[in-house]
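# Architecture and fold: a report
Residue-level listing of the chains:
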Amino acid sequence: MAYKENEVVAKYTKGNNLSDCGKYNVNDLLEMFDQAEITIDEYGTTDGVTVNDCIAINAVTRDLVVTSECDDMFCYYNNEINVPCSLELDYEFYYQSI
């Protein structure tokens, strides 16, 4: 994992239109990262895949994490098995979407 959990702004689970916390949607993701490549490590390395490549039919096709590091924002693949939710509302939303 190339990011720190305290830097996470939003997590998107494959197949969903909303972030796991319910605060952001796919359009917000595209607005922040239109044609930006997904970061794969702490050095800023990318693999040529853009955020736009990970969205189809208004839903994400990969688990993604948006972070805020210093004054920059990055989008990573989320390789975690479980997507933890931090608030009670997130918890309910997470289990309703399964």
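Below: a short report on this structure. (Residues numbered from 1 in each chain as written. Predicted model: local features only at pLDDT ≥ 70, side-chain atom pairs only at ≥ 80, totals over all residues. Heavy atoms only, no water.)

Time to look at the overall build of the chain. Per the secondary structure count, the chain includes 2 helices and 7 strands. N-terminal to C-terminal, the α/β element order of the chain is β-α-β-β-β-β-β-β-α. With 98 residues in all, the chain has 35% of them scored as buried. The contacts in the chain between residues at least 6 apart in sequence include a share of 54% that link residues at least 24 apart. Total accessible area on the chain is roughly 6100 Å²; 49% of this is exposed by carbon and sulfur atoms. (Helix = DSSP H or I, 4+ residues; strand = E, 2+ residues; numbered from the N terminus. Buried < 20%, exposed > 50% of the residue type's maximum accessible area, 1.4 Å probe, protein only. Contact = heavy atoms within 4.5 Å. Areas by Shrake-Rupley, 256 points an atom, 1.4 Å probe, with all protein chains shown as cover.)

Counted under the stated rule, the structure contains 1 aromatic pair. Between F74 and Y76 the ring centres are 6.3 Å apart and the planes differ by 40°, which places this aromatic pair in the tilted class. The exposure class of F74 is partly exposed, given its relative accessible area of 23%. (Phe/Tyr/Trp six-rings, centres within 6.5 Å; stacked < 30°, edge-to-face > 60°.)

This paragraph deals with the side chain of D20. In this fold, D20 is placed in the loop between β1 (8-12) and α1 (26-33). There is no salt bridge for the buried D20, and the closest opposite charge comes from K11, which lies 6.7 Å off by N-O distance. A distance of 2.8 Å separates a polar atom in the side chain of D20 from a polar atom in the side chain of T13. (Lys, Arg positive; Asp, Glu negative; His and termini not counted. Salt bridge = Lys/Arg side-chain N within 4 Å of Asp/Glu carboxyl O. Polar contact = N/O pair within 3.5 Å; in protein donor to acceptor, adjacent residues only side chain to side chain.)

The element strand β6 (residues 64-69) is extensively covered by neighbouring structure, given that 5 of its 6 residues are classed as buried. In terms of strand pairing, β1 meets β6 through 4 bridges, oriented antiparallel. From the neighbouring strand, Y12 faces β6, where its bridge partner is L64. With 6 bridges joining them, β6 and strand β7 (residues 72-77) adopt antiparallel strand pairing. From the neighbouring strand, S68 faces β7, where its bridge partner is M73. What sits between β6 and β7 in their antiparallel hairpin is a turn of 2 residues, with C70 showing a positive phi close to 55°. (Pairing = 2+ DSSP bridges.)

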